Amino acid sequence: MKSWPPPEVPPLPPGGRTLALFDSARDGVHPTAPEDPARMYVCGITPYDAAHLGHAATMITFDLINRLWRDAGYRVDYVQNVTDIDDPLLERAARDHEDWVVLAMRETALFREDMAALRILPPTHYVGAVESIPDIVARVARLLGDGVAYRLDDGTGDVYFDVSAAPRFGYESHLTRTRMVELFAERGGDPDRAGKRDPLDPLLWRGVRDGEPSWPGADLGPGRPGWHIECAVIALELLGDRIDVQGGGNDLVFPHHEMSAAHAEVLTGHWPFAGHYVHAGMIGLAGEKMSKSKGNLVFASRLRADGVDPMALRLALLADHYRTDRQWTDDLLKAGQERLARWRAALGAPAGPDGAALLAAVRERLADDLDSPGALRSVDAWAEAALSGEGTDPGAPALVADTLDALLGIGG
Ligand code: ZN
(Lines give C-alpha, C1' and ligand atoms only; values in the text may rest on other atoms or scores of the structure.)
Protein backbone atom coordinates (compact mmCIF):
# COMPACT_ATOMS: atom_id res chain seq x y z
CA MET A 1 0.00 0.00 0.00
CA LYS A 2 1.24 3.49 -0.80
CA SER A 3 2.64 5.43 2.15
CA TRP A 4 2.95 9.23 2.28
CA PRO A 5 5.79 11.54 1.23
CA PRO A 6 8.52 11.97 3.85
CA PRO A 7 9.29 15.37 5.34
CA GLU A 8 12.92 16.42 5.15
CA VAL A 9 14.91 15.80 8.32
CA PRO A 10 17.85 18.18 8.71
CA PRO A 11 21.09 16.61 9.94
CA LEU A 12 22.17 17.43 13.49
CA PRO A 13 25.64 17.38 15.04
CA PRO A 14 26.48 13.97 16.59
CA GLY A 15 25.37 13.31 20.16
CA GLY A 16 22.06 11.44 19.93
CA ARG A 17 21.21 9.59 23.12
CA THR A 18 19.96 6.15 24.10
CA LEU A 19 16.19 6.27 24.19
CA ALA A 20 14.47 4.93 27.29
CA LEU A 21 10.76 4.12 27.09
CA PHE A 22 8.03 2.88 29.38
CA ASP A 23 7.32 -0.79 28.69
CA SER A 24 3.83 -1.95 29.67
CA ALA A 25 5.07 -5.54 30.12
CA ARG A 26 7.75 -4.60 32.67
CA ASP A 27 5.69 -1.73 34.07
CA GLY A 28 8.63 0.65 34.05
CA VAL A 29 10.99 2.79 31.98
CA HIS A 30 13.84 0.85 30.39
CA PRO A 31 16.43 1.75 27.75
CA THR A 32 15.71 0.57 24.23
CA ALA A 33 18.51 -1.56 22.83
CA PRO A 34 17.84 -2.01 19.15
CA GLU A 35 20.09 -3.71 16.70
CA ASP A 36 20.53 -1.82 13.47
CA PRO A 37 18.01 -1.34 12.01
CA ALA A 38 15.66 -0.68 14.89
CA ARG A 39 12.29 -2.35 14.33
CA MET A 40 8.98 -0.77 15.19
CA TYR A 41 5.43 -1.91 14.50
CA VAL A 42 2.57 0.51 15.10
CA CYS A 43 -1.08 -0.46 14.79
CA GLY A 44 -2.73 1.75 12.22
CA ILE A 45 -6.27 2.78 11.50
CA THR A 46 -9.38 0.91 10.54
CA PRO A 47 -10.35 3.30 7.75
CA TYR A 48 -14.05 3.87 8.33
CA ASP A 49 -13.80 7.42 9.62
CA ALA A 50 -11.28 10.23 9.39
CA ALA A 51 -8.26 10.38 11.69
CA HIS A 52 -9.20 12.12 14.92
CA LEU A 53 -6.85 13.80 17.36
CA GLY A 54 -6.36 10.58 19.30
CA HIS A 55 -4.87 9.00 16.19
CA ALA A 56 -2.78 12.10 15.57
CA ALA A 57 -1.41 12.04 19.13
CA THR A 58 -0.54 8.35 18.83
CA MET A 59 1.21 8.78 15.49
CA ILE A 60 3.17 11.78 16.80
CA THR A 61 4.33 9.67 19.77
CA PHE A 62 5.81 6.97 17.55
CA ASP A 63 7.19 9.60 15.21
CA LEU A 64 9.26 10.90 18.13
CA ILE A 65 10.64 7.40 18.74
CA ASN A 66 11.55 7.14 15.05
CA ARG A 67 13.27 10.53 15.17
CA LEU A 68 15.16 9.80 18.40
CA TRP A 69 16.47 6.49 17.12
CA ARG A 70 17.62 8.08 13.87
CA ASP A 71 19.32 10.82 15.84
CA ALA A 72 21.15 8.09 17.79
CA GLY A 73 22.46 6.69 14.50
CA TYR A 74 20.06 3.84 13.83
CA ARG A 75 18.28 3.07 10.64
CA VAL A 76 14.63 2.42 11.48
CA ASP A 77 12.42 -0.24 9.96
CA TYR A 78 8.93 0.98 10.70
CA VAL A 79 5.83 -0.97 9.76
CA GLN A 80 2.28 0.26 10.12
CA ASN A 81 -0.85 -1.56 9.03
CA VAL A 82 -4.24 -0.49 7.77
CA THR A 83 -7.05 -2.78 8.90
CA ASP A 84 -8.81 -2.45 5.58
CA ILE A 85 -11.17 -5.35 6.25
CA ASP A 86 -12.94 -5.79 9.58
CA ASP A 87 -16.44 -5.70 11.05
CA PRO A 88 -16.52 -1.94 11.90
CA LEU A 89 -15.62 -1.04 8.32
CA LEU A 90 -18.36 -3.28 6.88
CA GLU A 91 -20.90 -2.02 9.41
CA ARG A 92 -20.20 1.64 8.58
CA ALA A 93 -20.34 0.97 4.84
CA ALA A 94 -23.69 -0.82 5.24
CA ARG A 95 -25.09 1.99 7.40
CA ASP A 96 -24.13 4.61 4.83
CA HIS A 97 -25.05 2.46 1.80
CA GLU A 98 -21.51 2.77 0.57
CA ASP A 99 -19.07 0.34 -1.02
CA TRP A 100 -16.69 -0.70 1.78
CA VAL A 101 -13.67 -0.60 -0.57
CA VAL A 102 -14.43 2.99 -1.61
CA LEU A 103 -14.91 4.00 2.03
CA ALA A 104 -11.61 2.40 3.05
CA MET A 105 -9.68 3.97 0.20
CA ARG A 106 -11.09 7.43 0.84
CA GLU A 107 -10.39 7.42 4.57
CA THR A 108 -6.92 5.96 4.10
CA ALA A 109 -6.13 8.73 1.61
CA LEU A 110 -7.30 11.35 4.10
CA PHE A 111 -5.19 9.77 6.84
CA ARG A 112 -2.11 9.94 4.61
CA GLU A 113 -2.77 13.65 3.98
CA ASP A 114 -3.09 14.29 7.73
CA MET A 115 0.14 12.42 8.44
CA ALA A 116 2.06 14.33 5.77
CA ALA A 117 0.70 17.66 7.04
CA LEU A 118 1.77 16.76 10.59
CA ARG A 119 5.28 15.97 9.31
CA ILE A 120 5.09 12.36 10.49
CA LEU A 121 7.91 10.26 9.02
CA PRO A 122 6.19 7.62 6.90
CA PRO A 123 6.53 3.92 7.71
CA THR A 124 9.03 1.93 5.67
CA HIS A 125 6.17 -0.46 4.90
CA TYR A 126 2.55 0.64 4.97
CA VAL A 127 0.55 -2.55 4.69
CA GLY A 128 -3.11 -3.41 4.32
CA ALA A 129 -4.77 -6.44 5.87
CA VAL A 130 -6.25 -7.43 2.53
CA GLU A 131 -2.89 -7.59 0.76
CA SER A 132 -1.53 -9.69 3.66
CA ILE A 133 -4.22 -12.39 3.50
CA PRO A 134 -2.07 -15.09 1.81
CA ASP A 135 0.57 -14.72 4.56
CA ILE A 136 -2.11 -14.79 7.26
CA VAL A 137 -3.69 -17.91 5.77
CA ALA A 138 -0.34 -19.71 5.79
CA ARG A 139 0.33 -18.85 9.44
CA VAL A 140 -3.18 -19.76 10.60
CA ALA A 141 -2.87 -23.08 8.79
CA ARG A 142 0.35 -23.71 10.70
CA LEU A 143 -1.32 -22.94 14.02
CA LEU A 144 -4.11 -25.36 13.10
CA GLY A 145 -1.59 -28.02 12.08
CA ASP A 146 0.24 -27.58 15.37
CA GLY A 147 -2.99 -28.07 17.32
CA VAL A 148 -2.86 -24.60 18.91
CA ALA A 149 -5.78 -23.38 16.82
CA TYR A 150 -9.10 -25.11 16.20
CA ARG A 151 -12.10 -24.89 13.93
CA LEU A 152 -15.53 -24.59 15.54
CA ASP A 153 -17.75 -27.50 14.62
CA ASP A 154 -20.84 -25.34 14.02
CA GLY A 155 -20.36 -25.22 10.26
CA THR A 156 -19.20 -21.58 10.13
CA GLY A 157 -15.58 -22.43 9.32
CA ASP A 158 -14.44 -20.03 12.06
CA VAL A 159 -10.97 -20.75 13.45
CA TYR A 160 -9.86 -19.75 16.94
CA PHE A 161 -6.53 -19.53 18.72
CA ASP A 162 -6.09 -21.53 21.90
CA VAL A 163 -4.70 -19.00 24.40
CA SER A 164 -3.50 -21.81 26.67
CA ALA A 165 -0.80 -22.45 24.03
CA ALA A 166 0.92 -19.21 25.10
CA PRO A 167 2.36 -20.00 28.55
CA ARG A 168 3.05 -16.36 29.44
CA PHE A 169 -0.32 -15.07 28.24
CA GLY A 170 -1.20 -11.96 30.28
CA TYR A 171 2.38 -10.76 30.82
CA GLU A 172 1.90 -7.60 28.79
CA SER A 173 -1.35 -6.30 30.30
CA HIS A 174 -1.20 -7.67 33.89
CA LEU A 175 -4.97 -7.89 34.16
CA THR A 176 -7.11 -10.21 36.22
CA ARG A 177 -8.97 -12.79 34.23
CA THR A 178 -12.29 -11.11 35.08
CA ARG A 179 -11.05 -7.80 33.71
CA MET A 180 -9.69 -9.54 30.61
CA VAL A 181 -13.08 -11.05 29.87
CA GLU A 182 -14.77 -7.64 30.32
CA LEU A 183 -12.33 -5.86 28.00
CA PHE A 184 -12.43 -8.68 25.47
CA ALA A 185 -16.21 -8.26 25.21
CA GLU A 186 -15.94 -4.45 24.97
CA ARG A 187 -13.23 -4.47 22.32
CA GLY A 188 -14.40 -6.79 19.59
CA GLY A 189 -13.98 -10.17 21.31
CA ASP A 190 -16.68 -12.80 21.79
CA PRO A 191 -16.25 -14.43 25.22
CA ASP A 192 -19.76 -15.90 25.07
CA ARG A 193 -19.38 -17.64 21.71
CA ALA A 194 -20.42 -21.26 22.09
CA GLY A 195 -17.96 -24.02 21.28
CA LYS A 196 -14.73 -22.24 22.22
CA ARG A 197 -12.19 -23.94 24.47
CA ASP A 198 -11.69 -20.76 26.50
CA PRO A 199 -13.88 -17.60 26.48
CA LEU A 200 -10.72 -15.55 25.79
CA ASP A 201 -9.72 -17.47 22.65
CA PRO A 202 -9.57 -14.91 19.81
CA LEU A 203 -10.77 -15.35 16.24
CA LEU A 204 -8.07 -16.13 13.68
CA TRP A 205 -10.18 -16.74 10.58
CA ARG A 206 -13.85 -15.98 9.98
CA GLY A 207 -15.50 -18.34 7.54
CA VAL A 208 -17.42 -16.73 4.70
CA ARG A 209 -20.94 -15.44 5.48
CA ASP A 210 -23.68 -14.40 3.09
CA GLY A 211 -23.20 -10.83 1.93
CA GLU A 212 -19.69 -10.48 3.35
CA PRO A 213 -16.50 -10.22 1.33
CA SER A 214 -14.20 -13.22 1.51
CA TRP A 215 -10.87 -14.41 0.19
CA PRO A 216 -9.51 -17.84 -0.61
CA GLY A 217 -8.21 -19.55 2.51
CA ALA A 218 -6.82 -22.77 1.02
CA ASP A 219 -7.52 -25.50 3.59
CA LEU A 220 -9.13 -22.92 5.90
CA GLY A 221 -11.90 -22.37 3.37
CA PRO A 222 -12.95 -18.94 2.12
CA GLY A 223 -13.19 -16.19 4.71
CA ARG A 224 -11.31 -13.25 6.18
CA PRO A 225 -8.74 -12.74 8.93
CA GLY A 226 -9.13 -11.75 12.56
CA TRP A 227 -7.56 -8.51 13.74
CA HIS A 228 -4.86 -9.71 16.16
CA ILE A 229 -3.39 -12.29 13.77
CA GLU A 230 -3.31 -9.62 11.06
CA CYS A 231 -0.87 -7.47 13.03
CA ALA A 232 1.18 -10.43 14.27
CA VAL A 233 1.70 -11.79 10.75
CA ILE A 234 2.47 -8.43 9.13
CA ALA A 235 5.08 -7.73 11.81
CA LEU A 236 6.65 -11.20 11.53
CA GLU A 237 6.76 -11.07 7.73
CA LEU A 238 8.35 -7.64 7.49
CA LEU A 239 10.34 -7.21 10.70
CA GLY A 240 11.26 -10.73 11.78
CA ASP A 241 10.66 -12.77 14.92
CA ARG A 242 11.44 -10.01 17.42
CA ILE A 243 10.77 -6.32 17.31
CA ASP A 244 11.96 -3.44 19.46
CA VAL A 245 8.67 -1.57 19.86
CA GLN A 246 5.07 -2.68 19.49
CA GLY A 247 3.01 0.49 19.62
CA GLY A 248 -0.48 1.92 19.65
CA GLY A 249 -3.01 3.70 21.81
CA ASN A 250 -3.52 2.45 25.36
CA ASP A 251 -6.86 0.95 24.35
CA LEU A 252 -4.79 -1.68 22.52
CA VAL A 253 -3.00 -3.02 25.62
CA PHE A 254 -5.69 -5.69 25.91
CA PRO A 255 -6.76 -7.65 24.05
CA HIS A 256 -5.02 -6.50 20.87
CA HIS A 257 -1.36 -6.36 21.82
CA GLU A 258 -1.59 -9.23 24.29
CA MET A 259 -3.15 -11.44 21.61
CA SER A 260 -0.81 -10.32 18.81
CA ALA A 261 2.21 -11.07 21.00
CA ALA A 262 0.78 -14.47 21.96
CA HIS A 263 0.24 -15.35 18.28
CA ALA A 264 3.75 -14.24 17.33
CA GLU A 265 5.41 -16.03 20.25
CA VAL A 266 3.61 -19.32 19.59
CA LEU A 267 4.48 -19.06 15.88
CA THR A 268 8.18 -18.36 16.45
CA GLY A 269 9.02 -19.77 19.87
CA HIS A 270 10.67 -16.45 20.75
CA TRP A 271 9.71 -14.48 23.86
CA PRO A 272 9.10 -11.64 24.23
CA PHE A 273 7.83 -10.63 20.83
CA ALA A 274 8.56 -6.96 21.54
CA GLY A 275 11.29 -5.42 23.67
CA HIS A 276 8.92 -2.61 24.60
CA TYR A 277 5.13 -2.42 24.47
CA VAL A 278 4.50 1.30 24.19
CA HIS A 279 1.09 2.93 24.56
CA ALA A 280 -0.09 6.46 23.99
CA GLY A 281 -2.82 8.03 26.13
CA MET A 282 -6.32 8.78 24.90
CA ILE A 283 -7.44 12.24 23.88
CA GLY A 284 -10.81 13.19 25.36
CA LEU A 285 -13.26 15.97 24.70
CA ALA A 286 -15.35 17.65 27.40
CA GLY A 287 -14.56 14.93 29.92
CA GLU A 288 -15.20 11.96 27.65
CA LYS A 289 -12.91 9.72 25.64
CA MET A 290 -12.95 10.72 21.97
CA SER A 291 -14.56 7.79 20.22
CA LYS A 292 -16.60 6.97 17.22
CA SER A 293 -19.39 5.49 19.27
CA LYS A 294 -19.82 8.73 21.24
CA GLY A 295 -19.67 10.86 18.10
CA ASN A 296 -17.43 13.42 19.78
CA LEU A 297 -14.52 13.32 17.39
CA VAL A 298 -12.30 16.24 16.46
CA PHE A 299 -10.67 15.52 13.12
CA ALA A 300 -7.20 16.66 12.17
CA SER A 301 -8.42 17.26 8.62
CA ARG A 302 -11.26 19.47 9.89
CA LEU A 303 -8.85 21.65 11.87
CA ARG A 304 -6.57 21.90 8.85
CA ALA A 305 -9.54 22.95 6.70
CA ASP A 306 -10.29 25.63 9.30
CA GLY A 307 -6.82 27.04 8.73
CA VAL A 308 -5.11 25.65 11.83
CA ASP A 309 -1.37 25.29 11.23
CA PRO A 310 -0.59 21.56 11.60
CA MET A 311 2.57 22.54 13.51
CA ALA A 312 0.44 24.30 16.14
CA LEU A 313 -1.68 21.17 16.37
CA ARG A 314 1.47 19.11 16.80
CA LEU A 315 2.73 21.41 19.55
CA ALA A 316 -0.64 21.26 21.33
CA LEU A 317 -0.47 17.46 21.35
CA LEU A 318 3.17 17.49 22.52
CA ALA A 319 2.43 19.85 25.42
CA ASP A 320 1.52 16.93 27.69
CA HIS A 321 3.29 13.63 28.18
CA TYR A 322 2.32 10.97 25.65
CA ARG A 323 1.21 8.45 28.26
CA THR A 324 -1.27 10.84 29.87
CA ASP A 325 -4.95 10.51 29.06
CA ARG A 326 -5.89 14.11 28.44
CA GLN A 327 -8.52 16.52 27.16
CA TRP A 328 -8.59 18.42 23.92
CA THR A 329 -9.65 22.03 24.52
CA ASP A 330 -9.68 25.30 22.60
CA ASP A 331 -7.20 26.63 25.17
CA LEU A 332 -4.78 23.82 24.42
CA LEU A 333 -4.89 24.63 20.71
CA LYS A 334 -4.56 28.36 21.42
CA ALA A 335 -1.51 27.70 23.60
CA GLY A 336 0.00 25.64 20.77
CA GLN A 337 -0.60 28.45 18.30
CA GLU A 338 0.93 31.06 20.61
CA ARG A 339 3.93 28.87 21.34
CA LEU A 340 4.52 28.28 17.62
CA ALA A 341 4.36 32.02 16.91
CA ARG A 342 6.79 32.77 19.76
CA TRP A 343 9.24 30.11 18.62
CA ARG A 344 9.12 31.30 15.02
CA ALA A 345 9.74 34.89 16.10
CA ALA A 346 12.73 33.74 18.17
CA LEU A 347 14.13 31.74 15.25
CA GLY A 348 14.07 34.99 13.26
CA ALA A 349 16.32 36.74 15.79
CA PRO A 350 19.89 37.55 14.65
CA ALA A 351 21.35 35.58 17.58
CA GLY A 352 20.31 33.60 20.61
CA PRO A 353 21.64 31.73 23.63
CA ASP A 354 23.91 28.72 23.02
CA GLY A 355 22.22 26.50 20.39
CA ALA A 356 24.31 23.43 21.22
CA ALA A 357 23.16 23.59 24.85
CA LEU A 358 19.53 23.73 23.75
CA LEU A 359 20.05 20.76 21.42
CA ALA A 360 21.59 18.77 24.30
CA ALA A 361 18.68 19.68 26.59
CA VAL A 362 16.03 18.62 24.06
CA ARG A 363 17.85 15.35 23.41
CA GLU A 364 18.15 14.69 27.12
CA ARG A 365 14.45 15.32 27.83
CA LEU A 366 13.14 13.30 24.88
CA ALA A 367 15.46 10.36 25.59
CA ASP A 368 13.80 10.10 29.01
CA ASP A 369 10.58 8.36 27.94
CA LEU A 370 9.76 11.14 25.46
CA ASP A 371 9.42 13.93 27.99
CA SER A 372 8.03 16.36 25.44
CA PRO A 373 6.68 18.82 28.07
CA GLY A 374 10.24 19.13 29.42
CA ALA A 375 11.67 19.56 25.92
CA LEU A 376 9.10 22.25 25.12
CA ARG A 377 9.94 24.12 28.33
CA SER A 378 13.62 24.15 27.35
CA VAL A 379 12.75 25.63 23.97
CA ASP A 380 10.42 28.17 25.60
CA ALA A 381 13.26 29.38 27.83
CA TRP A 382 15.62 29.63 24.87
CA ALA A 383 13.02 31.51 22.82
CA GLU A 384 12.27 33.95 25.60
CA ALA A 385 15.95 34.73 26.04
CA ALA A 386 16.50 35.09 22.29
CA LEU A 387 13.54 37.46 22.00
CA SER A 388 14.80 39.63 24.83
CA GLY A 389 18.18 39.91 23.12
CA GLU A 390 20.10 37.93 25.74
CA GLY A 391 21.90 35.52 23.43
CA THR A 392 25.11 36.19 21.53
CA ASP A 393 25.41 32.96 19.49
CA PRO A 394 24.73 33.94 15.85
CA GLY A 395 24.54 30.28 14.81
CA ALA A 396 21.94 29.46 17.45
CA PRO A 397 18.72 30.26 15.56
CA ALA A 398 19.67 27.96 12.67
CA LEU A 399 20.77 25.11 14.96
CA VAL A 400 17.65 25.46 17.08
CA ALA A 401 15.47 25.43 13.95
CA ASP A 402 17.14 22.18 12.88
CA THR A 403 16.70 20.75 16.38
CA LEU A 404 12.98 21.50 16.42
CA ASP A 405 12.55 20.08 12.96
CA ALA A 406 14.65 16.91 13.37
CA LEU A 407 13.67 15.91 16.90
CA LEU A 408 10.21 17.38 17.50
CA GLY A 409 8.99 17.44 13.91
CA ILE A 410 8.24 21.15 14.12
CA GLY A 411 9.34 22.54 10.78
CA GLY A 412 8.24 24.97 8.15
ZN1 ZN B 1 -2.46 -4.02 15.52
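Within every chain, residues take consecutive numbers counted from 1 along the sequence as written. With the structure being a predicted model, the display of local features is reserved for residues of pLDDT at least 70 and the display and counting of side-chain atom pairs for 80 or more, all residues being used for whole-chain, interface and lining totals. To obtain the side-chain values, all non-hydrogen atoms of the structure were included, while hydrogens and water were left out.

Colleague: How do you make sense of helix α3 (residues 100-117) when you look at a structure like this?
Modeller: Since the α-helix packs 3.6 residues into each turn, any two residues three or four apart lie on the same face. Taking 1.5 Å per residue as the helical rise, α3 with its 18 residues ought to reach 26 Å, and the 26 Å between its terminal C-alpha atoms agrees with that figure. In this scheme, a residue with accessible area under 20% of its type's maximum is buried, one over 50% is exposed, and one in between is partly exposed, where area comes from a 1.4 Å probe on protein chains only. Helix and strand definitions follow DSSP, with helices as H or I runs of at least four residues and strands as E runs of at least two, each counted in order from the N terminus. Within α3 the residues assigned to the buried category are Trp100, Leu103, Ala104, Glu107, Thr108, Phe111, Arg112, Asp114 and Met115. Angularly, the buried residues of α3 cover 165° about the axis, an arc narrow enough to put them on a single face. Each element contacted by the buried residues of α3 is listed here: α1 (53-71), β4 (76-82), α2 (87-95), β5 (125-128) and α8 (300-305). Residues adjacent in sequence count toward polar contacts only when both atoms are side-chain atoms; beyond that, a polar contact is any pair of N or O atoms within 3.5 Å, and within protein one must be able to donate a hydrogen and the other to accept it. Near the N-terminus of α3, the side chain that reaches the backbone nitrogen of Val101, with its oxygen 2.8 Å away, is that of Asp99. At the exit of α3 stands Arg119, carrying a positive phi of roughly 55°. Between the first and last residue of a helix there are one fewer steps than residues, each counted as 1.5 Å, and that sum is the expected span. This arc is taken over the directions from the axis of the helix to the C-beta atoms. Should any heavy atoms of two residues lie within 4.5 Å, those residues are counted as being in contact.

Colleague: So what exactly am I meant to see when it comes to the sheet that holds strand β12 (residues 283-285) here?
Modeller: For sheets, the rule is that strands pair by backbone hydrogen bonds, running either parallel or antiparallel. Judged by pairing direction, the sheet is mixed, and its 3 strands sit side by side in the order β13-β12-β14 without closing on themselves. Each edge of the open sheet is held by one strand with a lone partner, namely β13 (288-289) and β14 (326-328). Here, strands pair whenever DSSP counts at least two bridges between them. For β12 and β14, the ladder comprises 3 bridges, and the chain directions are parallel. The residue of β14 that forms the bridge with Leu285 is Trp328.

Colleague: Just checking my understanding: could you explain the nonpolar core for this structure?
Modeller: Core analysis: the biggest nonpolar cluster contains 70 residues, and Leu53, Ile65 and Trp328 have the highest contact counts within it. Broken down by element, this core gets its largest block of residues, 10 residues, from α1. Grouped together as the second largest cluster of nonpolar side chains are 53 residues, Ala25, Cys43, Ala129 and Val148 included. Nonpolar cores are built from buried Ala, Val, Leu, Ile, Met, Phe, Trp, Tyr and Cys residues. Side-chain atoms within 4.5 Å join them into one set.

Colleague: Looking at this structure, how should I read the coordination of the zinc ion?
Modeller: Geometrically, a metal with four donors at the corners of a regular tetrahedron has ideal angles of 109.5 degrees, and one with six donors at the corners of a regular octahedron has ideal angles of 90 or 180 degrees. Metal donors were taken as nitrogen, oxygen and sulfur atoms no farther than 2.8 Å from the ion, or 3.2 Å where the ion is Na, K or Ca. Water is excluded, so coordination may look unfinished. The protein atoms donating to the zinc ion are Cys43 (SG), Cys231 (SG) and His256 (NE2), with metal-donor distances spanning 2.0 to 2.1 Å. For the zinc ion, the donor residues sit on a single chain with the sequence spacing C-x187-C-x24-H. Of the two residues, Cys43 is situated in the loop between β3 (38-42) and α1 and Cys231 in helix α6 (residues 227-239); the sequence distance between them amounts to 188 residues.

Colleague: Whenever I open this one, the layout of surface pockets confuses me. Can you help?
Modeller: If you add up the space inside the largest pocket, you get close to 1500 Å³. Site definitions follow a grid-based scheme: protein atoms alone, a 1 Å grid, a 1.4 Å probe that fits but cannot get out for cavities, and for pockets an open set with protein on both sides within 12 Å along at least five of seven lines, plus lining residues having an atom within 4 Å of a point. The wall of the largest pocket is formed by 47 residues, among which Thr46, Tyr48, Pro88, Arg187 and Trp227 lie closest to the centre. Elements with a minimum of two residues in the lining of the largest pocket: α1, α2, α5 (177-186), β8 (203-207), β9 (223-225) and α6. Taken together, 14 residues make up the lining of the second largest pocket; nearest its centre are Ala33, Arg39, Ile243, Asp244 and Gly275. When residues of the lining of the second largest pocket are traced back to their parent elements, those giving at least two are β10 (243-249) and β11 (274-280). At 3 residues, the largest contribution of residues to the lining of the second largest pocket is made by β10. In the scheme used here, Gly and all other residues not listed as nonpolar or charged are polar, with Ala, Val, Leu, Ile, Met, Phe, Trp, Tyr, Cys and Pro taken as nonpolar and Asp, Glu, Lys and Arg as charged. Among the residues forming the lining of the second largest pocket, the class breakdown is 6 nonpolar, 3 polar and 5 charged. Grid points are joined across faces, edges and corners, and a volume is the space filled by probe spheres set on the points.

Colleague: In this structure, what is going on with the environment of Asp49? I would like to understand it.
Modeller: Secondary-structure assignment places Asp49 in the loop between β3 and α1. Overall, Asp49 belongs to the buried group, its relative accessible area being 18%. Sequence separation between Asp49 and Arg106 is 57 residues; the distance between their C-alpha atoms is 9.2 Å. A distance of 3.2 Å separates the side chain of Asp49 from the side chain of Arg92, its partner in a polar contact.

Colleague: Teacher, can you tell me more about empty space enclosed by the protein here?
Modeller: It is a probe the size of a water molecule, rolled over the atoms, that shows where empty space is left. As enumerated under the stated definition, the model contains 1 cavity of 30 Å³ or more in all. The space that makes up the largest cavity amounts to roughly 70 Å³. In terms of lining, the largest cavity is formed by Ala57, Ile60, Thr61, Leu64, Leu317, Leu318, Asp320, Tyr322, Arg326, Leu370 and Ser372. For the lining of the largest cavity, the elements supplying multiple residues, two or more each, are α1 and α9 (310-318).

Remember, this is a structural readout, not a statement about activity or role.
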